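Spelled out from the first residue to the last, the chains are:
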Amino acid sequence: MNTCNFVIFGLLLLIAHVRSIMWYLEPNHSKCFREEIQANVLVSGEYHVSEVQGQKVDYVVRDSKGHILAQKQDIPHGKSGKFSFVTEVYDNFEICFESHVAKNQRGIKQEISLNIKRDLEAKSYESLGEASKLKPVEVELKRLEELSKIIVDDFSRMRKSEEEMRNTNESTNARVLYFSIFSMCCLLGLATWQVFYLRRYFRAKKLIE
């Protein structure tokens, strides 16, 4: 693998945001996952809940302000489902699964699997090609075009973050310098005052002339 292909492969790994996880949800408990996502990003998810009679599982997707982006109550036992949404702003998003068991029933753990996709991984280019009657080469070119746009946007965000961190670092250094100068002036002033005070005190006690 040459250098160019290695760089492209690394960028694809960074951009293809896929999160897969499986866990056991305790009865009458909830499990939440949080993640920071940039603005204007398509997010899709697929989930599967194991079958347990008499137990209910709900899920809800919220942003940091509590706005509900996707929700489903009483997921059918042993069924799979999907959800999707597009982020409007850069924010923290969370998805929570909650188990409900009747008071007169002894609950058991349920197996839940969740697969989260973002950006290009969340888009179905095959369906897009069929709807727009595009050739396979045209579909691939469109995917590469969007991939290039994502790469450019990521570099722009990194450049902006680097500038913000540099400005913060320079501002912090300037404040530390001014504080150090102020501290030195205070120490010099205090030392001078102590010298004059002790000199007057010793003269009052006639210890020095």
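See the structure printed just above.
Scope of this entry: the structure provided in the associated data block. All values reported here derive from a predicted model rather than from experimental measurement.

Conventions used here
- Residues numbered from 1 in each chain as written.
- Predicted model: local features only at pLDDT ≥ 70, side-chain atom pairs only at ≥ 80, totals over all residues.
- Heavy atoms only, no water.
- Pairing = 2+ DSSP bridges.
- Helix = DSSP H or I, 4+ residues; strand = E, 2+ residues; numbered from the N terminus.
- Contact = heavy atoms within 4.5 Å.
- Salt bridge = Lys/Arg side-chain N within 4 Å of Asp/Glu carboxyl O.

## Some remarks on the pairing of strand E3 (residues 42–49)
So, step 1. Pairing analysis gives seven bridges linking E3 to strand E6 (residues 80–86), with the strands arranged antiparallel. Directly across from Tyr 47, in E6, lies its bridge partner Gly 81.
So, step 2. In the sheet, E3 pairs with strand E8 (residues 110–118) via seven bridges, with the strands oriented antiparallel. For His 48, the partnering residue across the bridge sits in E8 and is Ser 113.

## Overview of the environment of Lys 79
So, step 1. Note on placement: Lys 79 falls in the loop between strand E5 (68–72) and E6.
So, step 2. Each C-alpha atom of the pair Lys 79 and Tyr 47 lies 8.5 Å from the other, and the pair is 32 residues apart in sequence.
So, step 3. Excluding its chain neighbours within four sequence positions, the residues that come into contact with Lys 79 are Tyr 47, His 48 and Val 49.

## Quick word on the pattern of salt bridges
So, step 1. The final tally for this structure, using the stated rule, is four salt bridges.
So, step 2. One salt bridge connects Arg 34 with Glu 94, and the closest N-O pair in it is separated by 2.9 Å. Of this pair, Arg 34 sits in strand E2 (residues 30–37) while Glu 94 sits in strand E7 (residues 91–101); the two residues are 60 residues apart in sequence, bridging distant segments of the chain.
So, step 3. A salt bridge links Glu 162 to Arg 166, with the shortest nitrogen-to-oxygen separation between them at 2.8 Å. Residue Glu 162 and its partner Arg 166 are located together in helix H3 (residues 136–204), separated by four residues, close to a single helical turn.

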